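Observations on the model geometry
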Amino acid sequence: RVWSISGGDCYIARLLSESGDGLDADALARSISARIFKKRRTTKLERATAYVLASLGQFDIPVSEAFLRHHIGSGASELLAVIKVRKSRGRLFLGHRTFCFLSSLALLRDEPELRNTYGSASDLAFQYAQGLNDSQLFDFLSRLDLSTRQNRGLDVSTPTGDQQRGFILQLWAAFDTLRNRLVRLAEQDPTFGDNIASAVFAGTVLSHFSGESWEPISGYVRQRWLIESDGVRATGAAPSTERDDFDAIVETIERGDPFEDQFRYWEQASTIDRDRFHHAWLLGLLLLFEGRAQNRDLERERLLKSCIAAYCLPSGAVYPQRVVWVTARVLIGLAATGETMDSSNLIRSSIGWLKQPCPNGPLIDGSFWAHGTGTWNTPYQATAMCLAALLDLGVSPVDPIVANARSYLLERRPDWSTTENEITRIDVIDALIRAGSDWRAFRDEIQSIVTWSLDPNSWASGGSVKATEKNIESSTLPYVTSQLLQLLWTVMKDNTKEILREANQRFFESDLRQ
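As a starting point, this report considers the structure included with it. Since we're looking at a predicted model, the values are computed, not measured.

Cis rather than trans, the peptide bond between Tyr319 and Pro320 has omega equal to -10°. Here Pro320 is to be found in the loop between α16 (298-306) and α17 (324-336). In this chain, Cys358 is followed by Pro359 through a cis amide linkage whose omega measures 15°. Here Pro359 lies in the loop between α18 (345-354) and β5 (363-364). The backbone of Asp60 sits at a positive phi, close to 60°, despite the residue not being glycine. When you line up the elements, Asp60 lands in the loop between α4 (44-57) and α5 (65-72).

The tendency in soluble globular proteins is for nonpolar side chains to be buried as a group. If you look at the biggest cluster of nonpolar residues, it comprises 168 residues, and the most contacted ones within it are Phe140 and Phe277. With 11 residues, helix α11 (residues 161-188) is the largest single contributor of residues to this core.

Bringing helix α7 (residues 97-110) into the picture now. For an α-helix, 3.6 residues make a turn, and residues three or four places apart therefore share a direction. For α7, built from 14 residues, the straight-helix expectation of 20 Å at 1.5 Å per residue is met to within 8% by its first-to-last C-alpha distance of 21 Å. Counting buried positions along α7 gives 12 out of 14 residues, so the element sits mostly inside the fold. The complete set of buried residues in α7 reads Arg97, Thr98, Phe99, Cys100, Phe101, Leu102, Ser103, Ser104, Leu105, Ala106, Leu107 and Leu108.

What the rule picks out here adds up to 23 aromatic pairs. Ring geometry for Tyr265 versus Trp353: centroids 6.4 Å apart, planes at 75°, classification edge-to-face. Placement of the pair is Tyr265 in the loop between α14 (243-254) and α15 (274-291) and Trp353 in helix α18, with a sequence separation of 88 residues. Joined through ring pairs, the aromatic side chains of Phe138, Trp172, Phe175, Phe209 and Trp489 make up one cluster. Here the basic side chain of Arg276 rests over the ring of Tyr319, its NZ or CZ set 4.5 Å away from the ring centre. Between Arg443 and the ring centre of Phe167, over which it is positioned, the NZ or CZ distance is 4.1 Å.

Basis of the calculations
- For every chain, the first residue of the written sequence is number 1, and numbering continues from 1 along that sequence.
- Side-chain atom pairs in this predicted model are given and counted only at pLDDT of 80 or more, local residue features only at pLDDT of at least 70, and totals for whole chains, interfaces and linings cover all residues.
- Excluded from the side-chain calculation are hydrogens and water; included are all heavy atoms of the structure.
- Every helix listed is a DSSP run of H or I at least four residues long, and every strand listed is a run of E at least two residues long, numbered separately from the N terminus.
- In this text, buried Ala, Val, Leu, Ile, Met, Phe, Trp, Tyr and Cys residues form a nonpolar core when linked through side-chain atoms within 4.5 Å.
- Three labels apply to residues, based on accessible area from a 1.4 Å probe with only protein chains included: buried if under 20% of the type maximum, exposed if over 50%, partly exposed otherwise in between.
- Between the first and last residue of a helix there are one fewer steps than residues, each counted as 1.5 Å, and that sum is the expected span.
- For this analysis, a ring pair means two rings from Phe, Tyr or Trp (six-membered ring only for Trp) whose centres lie within 6.5 Å, classed as stacked if their planes differ by under 30 degrees, edge-to-face if by over 60, and tilted for the remaining angles.
- By the criterion adopted, a ring carries a charge over it if an Arg CZ or a Lys NZ lies within 6 Å of its centre and within 35 degrees of its normal.

Put into C-alpha cells, the structure is as follows:
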C-alpha cells in the first residue's frame, strides 16, 4: 500500500510510514503541512510564500529574498519567520525536491487558487530562468538531468505536444553529448593541433558552457598571434597549422571557378598573397573570439580593430576581394564585439561593397553572393555568411537584399539540404533562423547534422586535419560542432518553459495527484 501510494519514491514512502495517521494521500498532506510551518494556523500570505518556495524547490532552485518580494510583496521577509526554511549563501530553500513537490500539493489541496495567482511550478521556474545568463541557465538545466528523460519512445515526426517536447529533449541530449566531447578535445589539447581556427570555434562555445576548458584555449589563442599596427603576426618560427587551408584554397582557385567570367576585378590565383589572405580572415576570427570571450580583453579588441584598415581595399572589401566570405568573416567578428552598421565608415563601406551588384561587386541578381573559390565553397555558404554579417550588424530583415537572399536560400533548399558539406548546411540554417525563419522548419536538416556530429567516425581525426591532404577545411569538426551547439542552445532557450514542464512531468504523473 505504501509503495503504491508513493509511486516508488522512497522518500515519500518514508514520510507515509512516519505519518501514523493512515496510509493515504490526505494523511500524507497533513504530515507535510506540519513540516512546512512552525505554527498550526497560517495566513494567506504565509501559505503563498511557502507555495512559491515549494514550487521552485521542485526544480532545486534556492530562492533569493528579492525574488520572493517581487512575487509576494515587501513583507515577504517577515513571512519567512513562520516557515521552516533553510538558508545557504543568502538563498532560501524548503528541502528536497520531492518534499517541495509534496508541499506544493498539500498547499494546493487547501487553497487551489494559489496556482492561478502565482502560476504553476514550471511557470515560476521559467520566471526564474529568464533572469539567468547563458552559463547560469546551462548549469540550471543540467541539474535537472534532462538527458535521462529524452528517450521516452516518442514519435517525433510531428511538431506538436508531447512529440515536440520529445524532440526538444533529444536535442538537449545531443547538446549535452557534443559539449562533453568538445570539452574532452579541449582538455586533451587546447591548441587543437596548433590550429587557431579550431581553438577559436571551440572557445566561442566553451566560454559559456565550460569555463575551465576555455581558460587554456584563451591562453593559446591570445599568445599564438600578436596584434601590431599593420596586422597580425604569429609567434614562433611558423604560423599556426590552419595556414595550410589557404594553400589548398588557392590551388582550388587555380582549377577554375564557374563565376570567373562575370567579375573583372577578381584577383588571379597566381597574384593572391596567401599570407595576407590568411591574416585578413584570421583577423575576423580573433575578433569573434574576443567578442564572445568569458573575460573580454578590451585592449586586444581595440588593437584588432585598429589594424583592419591594413587589409581593406578601396572598394570596401577585405583582401582578397574575390573571396567575399573573408569580408563577411571580419564583419561577423566586428559584430560580435558590439559594433553595428553605424559604428564606422569602414563598416559602412564594407556593407556597401557587399550590396554592390556584379560586375563591380559580389552580389549576383540582387540575391546571392559568388564565393570566388571554385569548388572549395558553395554560393549557399557564401550567401549564408554574408547574410549573417548583414543581420548581425543591424541591417533590417526586410532590407530588399536581405529578403532576396533569404528567398534564394529557401528556394534552393533541395540543393543545400542534401549536400554532404556539413559546414554549408549548418551555416545556411543558422543564417535563415537569424533572418526570421522558425527553426522547426528545418527539423530534418538539424536532425541530419546532429546524426553526423554524434557519429564517432566524425570525431576520429580529432580537432584538426590537413586541408591540402583532405581537401576540406582543417577546422571542420570544431566549426560544425560549435555552430550546432549554438543553434541547439537557441532552441533550448526558446523552449525553456516546455523543457521545465517536461522535467517536472514525473511528479505530475504520480499517483499522489489522484
